[in-house]
Structures are given as C-alpha cells and as structure tokens.
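Below, each chain spelled out in residue letters.
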Amino acid sequence: MEHHHKIVIVGGGTGGISVAARLSRALEDPDIAIVEPADKHYYQPLWTLVGGGAATKEETVRDEADLIPAGATWIRERATAFDPERNVVTTAEGRTIRYDHLVVAAGIQLDWDKIDGLHDALGHDGVCSNYAYTTVDSTWKFIRELERGTAIFTFPNTPVKCGGAPQKIMWLAEHHFRRRGVRDDIDIVFASAGAKIFAVPKYAATLERLVRERNIITRFHHNLIAVRPRSREAVFTRTEPGGAPEEVVMKYDLLHVTPPMSAPDFIQQSPLANGAGWVEVDKYTLQHVRYPNVWSLGDASSLPTSKTGAAIRKQAPVLVENLLAHMAGRPPTATYDGYTSCPLVTGYGRLVLAEFDYEGKPRETFPFDQSKERRSMYLLKKYALPKMYWHGMMRGRA
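This text gives an overview of the structure that appears in the document. From a predicted model like this one, the values you see are computed outputs, not experimental measurements.

Attention now moves to the overall build of the chain. Each helix and strand in the chain was counted, giving nine helices and 21 strands. For the chain, whose C-alpha radius of gyration is 21 Å, the value lies close to the compact-globule estimate of 21 Å for 398 residues. The buried share of the chain, reckoned over its 398 residues, is 57%. Considering only intrachain contacts with a sequence separation of at least 6, the fraction spanning at least 24 residues in the chain is 64%. Here the chain has roughly 16700 Å² of accessible surface; of this, 47% comes from carbon and sulfur atoms. Both charge centroids of the chain, one from 49 positive and one from 47 negative side chains, sit 6 Å from each other.

So, about the packing of aromatic side chains. Throughout the structure, instances matching the rule amount to 12 aromatic pairs. Ring geometry for Y42 against Y133: centres 4.9 Å apart, planes inclined by 40°, an arrangement best described as tilted. Of the two residues, Y42 is situated in strand 3 (residues 40-42) and Y133 in the loop between strand 10 (127-128) and helix 4 (136-145); the sequence distance between them amounts to 91 residues. Judged by its relative accessible area of 19%, Y133 is buried. When the ring of Y43 is compared with that of Y389, the centres are 4.7 Å apart and the planes differ by 50°; the resulting orientation is tilted. A residue pair is termed long-range when its members are at least 10 positions apart, and Y43 in the loop between strand 3 and helix 2 (47-51) and Y389 in helix 9 (residues 375-391) qualify at 346 residues.

Time to look at the nonpolar core. Counting residues in each nonpolar core, the largest one holds 131 residues, and the members touching the most others are L102 and F198. Sorting elements by how many residues they give to this core places helix 8 (residues 309-327) first, with eight residues. In this structure, F198 is in contact with Q167, Y203, A204, L207, C342, L344, A354 and F356, ignoring residues within four places of it in sequence.

This part covers the sheet that holds strand 14 (residues 222-228). Across the sheet, which stays open at both edges, the three strands sit in the order 14-15-16 with antiparallel pairing between neighbours. Looking at the sheet topology across the chains shown, the edges are occupied by strand 14 and strand 16 (246-251). Here the strands of the sheet are splayed against their neighbours by 30° on average, with no regard to which way each runs. Sheet topology note: the strand 14/strand 15 (residues 233-238) ladder contains six bridges and is antiparallel. In the sheet register, H222 faces strand 15, and the bridge partner there is R238.

For helix 1 (residues 14-26), built from 13 residues, the straight-helix expectation of 18 Å at 1.5 Å per residue is met to within 8% by its first-to-last C-alpha distance of 18 Å. Most of helix 1 sits out of view: 10 of its 13 residues are buried. Buried residues of helix 1: T14, G15, G16, I17, S18, V19, A20, A21, L23 and S24, and no others. Against the buried residues of helix 1 lie strand 1 (2-10), strand 2 (32-35), strand 3, strand 8 (96-104), helix 8 and helix 9.

Take unusual backbone geometry next. Unusually for a residue other than glycine, D125 sits at a positive phi of about 50°. Inspection of the secondary structure assignment puts D125 in the loop between helix 3 (118-121) and strand 10. Its relative accessible area of 45% is what places D125 among the partly exposed residues. Of note, C162 is a non-glycine position whose phi angle comes to about 55°, a positive value. Mapped onto the elements of the fold, C162 is located in the loop between strand 11 (149-155) and helix 5 (165-180).

In this section: the sheet that holds strand 10. Within the open sheet, the five strands sit side by side as 10-17-11-12-13. Their pairing is parallel. Two strands bound the open sheet, and with one partner strand each, they are strand 10 and strand 13 (217-220). Two strands pair when backbone bridges link them, and strand 11 and strand 17 (residues 254-256) are joined in this way by three bridges, in the parallel orientation. Note that in strand 17 the partner of F153 across the bridge is H256.

Rules behind the numbers
- Residues numbered from 1 in each chain as written.
- Predicted model: local features only at pLDDT ≥ 70, side-chain atom pairs only at ≥ 80, totals over all residues.
- Heavy atoms only, no water.
- Helix = DSSP H or I, 4+ residues; strand = E, 2+ residues; numbered from the N terminus.
- Rg over C-alpha atoms; globule rule 2.2 N^0.38 Å.
- Buried < 20%, exposed > 50% of the residue type's maximum accessible area, 1.4 Å probe, protein only.
- Contact = heavy atoms within 4.5 Å.
- Areas by Shrake-Rupley, 256 points an atom, 1.4 Å probe, with all protein chains shown as cover.
- Lys, Arg positive; Asp, Glu negative; His and termini not counted.
- Charge placed at Lys NZ, Arg CZ, Asp CG, Glu CD.
- Phe/Tyr/Trp six-rings, centres within 6.5 Å; stacked < 30°, edge-to-face > 60°.
- Core = buried A, V, L, I, M, F, W, Y, C linked by side-chain atoms within 4.5 Å.
- Pairing = 2+ DSSP bridges.
- Axes fitted to C-alpha atoms, helices over the stretch in contact; angles between N-to-C directions.
- Expected span 1.5 Å × (residues − 1).

What follows is the structure, encoded as structure tokens:
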C-alpha cells in the first residue's frame, strides 16, 4: 500500500509533535503524516521525581491521540527504513509512504541488553532504573526500603537523554536517607564512564562542592558492563586516560542503572545516518547535510548538544522556520545555537537550573545565579514545566 503526504514526520514524541503542531498552525492547508506506533505519550523529565517518590508516574502519561494536531494524519505503524533517493519511508506493516519533505524525530533507543544480566535483574533485589515507565516505580521502592549498605548510581559511556538525570536520582536518594536518619549507614557511589560530575564548569563547581559536603563516593571512568544479581555485584570496565581497560567489581544493595543508548537501529542502518548512527544534519539549520528535503531534531539527530526536551523547545521553531523557507524556495536562515537545559535536582525542594549552548557557555533565563540551589527552580520543574510542555510545546505554542 502506498501513500503520499507533503510532510512526513517519523516519531510522535516531543520533537515530532512539537514540529507537527507548529506546522499545522503555520500552514493553511497542512498535509502532514505522523508515523508513530505508540498509543501513549510520556513526559519523561518527571520520572526523576517519580523515582524519588515526589510524583506519580500516572501524572506523566497522556493518550497519543489527544496530541495529534488538527490537519495531521496519524499512521500508527513503526517506520523501518528510509529511501531518501526516492523520498520514501517504509513501515513494518509494509506500507510505503512518499513525502515531499521528511522530518525525523524518532528519539533514542535504550540498549538494556548491552549490560549482561540487567534485563532479568531489573525491578528485583535492588536493581532499578528511572529510564522506563515500567521500571520507574521500583526505584522509589528500593530507595524507601534501603537502611544500610551501598547504593550505586551509574552513567554509561554513550549519549543519554538528559545527561543530568543519572545523578538527579542520586541526590534525591541521599536526601531521603538523611531524612530517615540512615545516611551514615549507606555508602553512595556515583559510578560514571565520564571524567567529571558535569561538563559545564559553572554548574560543575556547585556539584563538586555538594559531592564533598554530602560525602558522595565518585568513581569516574567506570562503565557498567554486567550485573550479577545473585551475588549483588556490579561489573564495570575502568578505563583511565592512557591506561588499559580493567575489570572492577562492586558490591551493591541498591543499583540504579542508566542504560547505554543509541540511535534506533533503522536509523543507524539508513542512508540518513552519520558514522555514529545519528541523522546527519547541519547543527545550526537542522537540515540534512546530503538530502535538503530531510530535517531532524531531538535525540535521533546528530546535533552535538545534550539530548533534552528543553533543547527540542529551541530546535523546533528553528526547524519549522527553515522547512517553511525551503518549501517556499528560500534558503534556511534561522539558526540553533545548541541551547539546552538540565534542571539538576539536588534534593527535595532544591534545584540547580543549568542552561548552556554549544560552547558550554551559560545561557540563563533568570536574572540571578542559576548555579545555586533554589527552591523556586525545583517548583518550576515540578509544577510549571509540565504545564508548559502539555499546553505549550505540544500545542505548537512558543
């Protein structure tokens, strides 16, 4: 079966719906198809608070059907292949969809199976993760139940969505342990494949101070490769700069895992991908570097910035403006400067709002030092940002 649409958007998550909503508002006679198999849409930034017991996961989900904008056709199938030479997307059901313009917003895939033993261990005996709707409840359960021992929080050696999230849940757990009076009986370990706590110096300085004050054990250059649930052991590869990899085994009582992530397989295997598997677009215009009628944003794109919903909030209007210009025969002139935001929850009622661009320079919204922990910024994350997401971004509003 073959179909044709003027604009085809692959992915109905944050990026895809944001772009579709903006295009539907901008075009008098939109002919847009959204290729998305899922019937639920999740506001994932709130999963940190769900894992910390400060929100419920039911607050984070809506029906996908309620977010499909007027003027758009929802194709509830999974895209499996691109043929940009023929302007064709193919689905798992065998549907062929032709397009004049293509937007790829297919997100990122979680590679649970790349950590040996993790898949079967999740949700049992202290092994948890905030990175899936089906597992986030177990995080709070195990944090709540822990009274002594070792709690390990991991960060992999791949790009991840919201690079601050692996430590946010650690800070909430640490605060909870102090509230309950069991902190002195629990060792907290941040085991990261990275070289430091955070990449942007202004915010890293605050986090490094908190590491010292709250007695967090940091283990950098440590990448989780296996979980041994019977013996409660986490197996890491430690690779110090200039050194040979070596295996490190740590005992745990609670293990919060951030899984390795990558571009979806069908993107990695497509002509749209760069050498790392991401959709290869110009980092300023979001236009594909080889196929001018193809665009991408969000987690599936090659944009060299943190993969966050806040980044998409700035990417979507640039993409839409440039796509409309291209449709009208004009060159793209709107530019994206790499803005992203990471609301770093550092405890209950505490948050450092990190905002920065491609150069790692702070791009702060408020007229005060956002590197300081603030209750107001925590309330912004918990209450205001979800409303802005559902009623603003997902409706194509600024």
